[in-house]
Amino acid sequence: MSGPLQALAARYERLATKGEVSPYGYSSERISYALVLAPNGCVVDVQPLLDASAGKPQPRRMVVPQAVKRTSGIASNFLWDKTSYVLGVSTKESRRVAEEHAAFKKLHERLLAGTADPGLQALLGFLAAWKPARFPEVPFSPEMRDTNFVFRLDGDEGFLHDRPAARKIWLSYLRSVDAPEAMCLVSGEIGPIARLHPAIKGIAGAQSSGASLVSFNLDAFTSYGKEQGANAPVSEAAAFGYGTALNALLAPGSRNMLRLADTTLVFWAELDNAEAVVRGFFDPPRPDEKGEAARIRHVLEQMAQGRPLRDAAPDLDPETRFYVLGLAPNAARVSIRYWLESSLGELAERFRAWWEDLRIEPDPWDGRAPALWRLLYELAAQRKPENVPAHLAGELTRAILTGGRLPRALLAATLMRLRADHDVNGLRAALCKAVVVRDLRLSGSPPKETSLVSLDPDDPNPGYRLGRLFATLENAQRYALGRNVNATIRDRYYGAASATPAAIFPVLIRNATHHLASLRKTGKGGLAYKLEKEMGAILDGVGASFPKSLRIEDQGRFAIGYYHERFGRASVLPDTDLPDAADTTSED
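Definitions and cut-offs
- Residues numbered from 1 in each chain as written.
- Predicted model: local features only at pLDDT ≥ 70, side-chain atom pairs only at ≥ 80, totals over all residues.
- Heavy atoms only, no water.
- Core = buried A, V, L, I, M, F, W, Y, C linked by side-chain atoms within 4.5 Å.
- Buried < 20%, exposed > 50% of the residue type's maximum accessible area, 1.4 Å probe, protein only.
- Contact = heavy atoms within 4.5 Å.
- Pairing = 2+ DSSP bridges.
- Helix = DSSP H or I, 4+ residues; strand = E, 2+ residues; numbered from the N terminus.
- Expected span 1.5 Å × (residues − 1).
- Polar contact = N/O pair within 3.5 Å; in protein donor to acceptor, adjacent residues only side chain to side chain.

Colleague: Go over the nonpolar core with me, naming the residues and quoting the values.
Modeller: The biggest cluster of nonpolar side chains holds 95 residues, and the ones touching the most others in it are Phe-281, Phe-322, Phe-351, Trp-354, Trp-355, Phe-470 and Phe-505. In this structure Phe-351 touches Phe-281, Phe-282, Ile-400 and Leu-401, once residues within four positions along its chain are discounted. Listed in part, the 32 residues of the second largest apolar core include Val-21, Ala-245, Leu-250 and Val-334.

Now the structure itself:
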């Protein structure tokens, strides 16, 4: 666990140096309104802080004192909060609302006691005089309830939480929190240990309020008398750092985050110019994108054609350290699916190997690098993202990143979709090929056996030959009956033919004799002869009898052979020359 936390904490330090993340003790929160106070604490106005640049007004992101971690308890934020705390009003009227407002008053009366700052004195005056029953009065309105408020002194441009006195009080409060000291697992320094770790937001499927990457909340997690954060000592500063960095990576609009089924993927590098390229590894730019995206697309296209990163992008240093973190929801927590720390060059080589394993002809990507999410959609019913098998996204990504064997479940899921909807397209054939070829390559098989890129008439594998035979039989049906047959042999027999050939192929071959005879009767004897010759050449390599069943790997080869024969070989007769069939539901 300390590996990703250390890398995230280091990223925070780099971003903090450039002023791109909140300083220690602060966080970026969504704020809707500012309560403008007179020096005596009277309400002067309520100033909207909504951002309408994107259409519908949305709360503005502001850096405020770090939000407390709330589950079911009551705890107030400092100098900002939602209306139930600030004003004692909410759309959900209950006793809890009064308790939340009382907690807000108590915290600020304690921390601001004795302050000489005019703005903070104004806030104390407001809290002493305010009654929730006054909320219906101007300048308040019902839509303000349950939004976040900050404070401003009338006549000042800044907010109360930005005043030097407020910052001093807040940082002094953070240092005074009673926390045991120990050596931090992340920084190696002695300091106050975080009892609770920051909430991580933006994880697909996790709680919208945030989930914990590190937490201990049961007696079973207690060891040697240590409770909660003391079980895994991480300093307050390091916990804040890794949490801030990770939440920035997961923020809406982040280019360092992708969602693949139930896995949320975040990645970052020590050099910013490398991050855009790695995002392209997972999600290549669209052909119509311009500017930087076009440059990245060019780099990826060269890599997909076999060029190493050093040649495709000379401006990138292959030794740049790179980090990939896969996260998944687990109740109120976040679980780490995988963690990779590598160099940019090594990561690029692993993706290049993955693209080489996928390479098939005819090319379904037109020379572009394939997008991982697009391949995952081929495993989902109706190709809907929510139907992608949850475990496969994480397992497949891990195999790509590590260069290990692809999950056997990937092949099983692809074959299941082929049997279900009979759509043997290039993407699915490529997935079958990738699993089969990588297994062979990692087992030390000769290069000839690990190709399967294009049509190979000499390939002796029974699954591959039977896939080719099935495509040839389907061609015979198409040429005899025309393009508008309601149910082809692929629609009716693909699943059974690829799993139990001996039970299906004799029937298909008998039907094919009728199709060939029909071609001869219509004056296409040359076409019938060519099809019959192709069928004979394929059958010569099958053996004396059809196999009763095919292993799962050979069922994958069946799909590859079908794709090669059906779409890779020049058609015997162009589709434009096919006759229009009569409306029929027969496969004969």
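Colleague: How would you summarise the pairing of strand 11 (residues 257-260) if you had to cite specific residues and measurements?
Modeller: Side chains on a regular strand alternate between the two faces of the sheet. Sheet analysis places strand 11 next to strand 12 (residues 263-269), joined by 4 bridges and oriented antiparallel. Bridged to Arg-259 within strand 12 is Thr-264. Counted along the chain from strand 11 to the antiparallel partner strand 12, the turn is 2 residues long, and its residue Ala-261 has a positive phi close to 55°.

Colleague: So what's going on with the environment of Gln-47? Residues and values would help.
Modeller: Turning to its location among the elements, Gln-47 is positioned in strand 3 (residues 43-48). Residue Gln-47 is classed as partly exposed on the basis of its relative accessible area of 26%. The spacing of Gln-47 and Ser-32 is 15 residues in sequence and 8.7 Å in space, taken between C-alpha atoms. In this view, Gln-47 contacts Ser-32, Tyr-33, Ala-34, Val-36 and Arg-152; residues no more than four positions away in its chain are not counted.

Colleague: Can you explain helix 15 (residues 462-481)? Please cite residues and give values.
Modeller: Taking 1.5 Å as the rise per residue, helix 15 with 20 residues should run 28 Å; its terminal C-alpha atoms sit 28 Å apart, in good agreement. Of all 20 residues in helix 15, 18 are buried; the element is thus mostly enclosed. Looking at where helix 15 begins, the residue whose side-chain oxygen comes 2.9 Å from the main-chain nitrogen of Gly-463 is Asn-461. Just downstream of helix 15, Gly-482 is the residue with a positive phi angle, here 100°.

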